[in-house]
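Residues per chain are reported as follows:
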Amino acid sequence: MDKLLSGFLVEGLNILDVGPGEAWAMEYFLNKKCNYFAIEHSDLLSSLIVKKRGNVIGKNLHDDYSQYKSHFDIIIFRHVIEHLQKPKKALLDLKE
């Protein structure tokens, strides 16, 4: 991940991790002094993310995130799309 992203990362970037599970990427971004946000459905995993200094902003891609419009510099969306009933809508929502 560092090989792909290090040239783009600067302090203060806002990272959104959609469906992070155990948030394997969170520590990497926090060490780079980025702000880490997550959308995680599982209450157990959400509490682990918060405990590790991450910010969980919601449980579902289709919730209202209008307060975060144009707020994220990098969006991580991995191993999630195959689990969605409406993947096209999810991608369009993320684009917004």
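The rules behind each value
Residues numbered from 1 in each chain as written. Predicted model: local features only at pLDDT ≥ 70, side-chain atom pairs only at ≥ 80, totals over all residues. Heavy atoms only, no water. Pairing = 2+ DSSP bridges. Helix = DSSP H or I, 4+ residues; strand = E, 2+ residues; numbered from the N terminus. Axes fitted to C-alpha atoms, helices over the stretch in contact; angles between N-to-C directions. Contact = heavy atoms within 4.5 Å. Buried < 20%, exposed > 50% of the residue type's maximum accessible area, 1.4 Å probe, protein only. Lys, Arg positive; Asp, Glu negative; His and termini not counted. Salt bridge = Lys/Arg side-chain N within 4 Å of Asp/Glu carboxyl O. Polar contact = N/O pair within 3.5 Å; in protein donor to acceptor, adjacent residues only side chain to side chain. Arc of directions from axis to C-beta.

A word on the sheet that holds strand S4 (residues 74–77). Pairing in this open sheet of 4 strands is parallel, and the strands run S3-S2-S1-S4 from one edge to the other. Strands at the two margins of the open sheet, each flanked by one partner only, are strand S3 (55–58) and S4. Here the strands of the sheet are splayed against their neighbours by 25° on average, with no regard to which way each runs. Where strand S1 (residues 14–18) and strand S2 (residues 35–39) come together, 5 bridges link them in parallel fashion. Each bridged residue has a counterpart across the sheet, and for leucine 16 the counterpart in S2 is phenylalanine 37. Contacting S2 and S3, helix H3 (residues 43–51) crosses the sheet at an angle of about 140° to S3.

Our next topic: the side chain of glutamate 40. Positionally, glutamate 40 belongs in the loop between S2 and H3. For the buried glutamate 40, no salt bridge exists, and the shortest N-O distance to an oppositely charged side chain is 8.2 Å, to lysine 59. Among the polar contacts listed, one links the side chain of glutamate 40 to the backbone nitrogen of glycine 21, at a separation of 3.0 Å. Glutamate 40 has contacts with Gly19, Pro20, Gly21, Leu45, Ser46, Ile49, Val56, Gly58 and Lys59, leaving out every residue within four places of it along the chain.

Once that is clear, we can look at unusual backbone geometry. Despite not being glycine, lysine 33 has its phi angle at roughly 65°, a positive value. Along the chain, lysine 33 turns up in the loop between helix H2 (26–31) and S2. For arginine 53, which is not a glycine, the phi torsion comes out positive at approximately 85°. By secondary structure assignment, the location of arginine 53 is in the loop between H3 and S3.

In this section: the environment of leucine 4. For leucine 4, the location among the structural elements is in helix H1 (residues 2–5). The class of leucine 4 is exposed, set by a relative accessible area of 67%.

Our focus in this paragraph is H3. Where H3 is concerned, the buried positions are Leu45, Ser46 and Ile49. All buried residues of H3 lie within an arc of 105° about the axis, which places them on one face of the element. Set apart from the buried face of H3 by more than 90 degrees, the exposed residues are Asp43, Leu44 and Lys51. Each element contacted by the buried residues of H3 is listed here: H2, S2 and S3. The N-cap of H3, judged by a side-chain oxygen 3.3 Å from the amide nitrogen of leucine 44 a few residues on, is serine 42.

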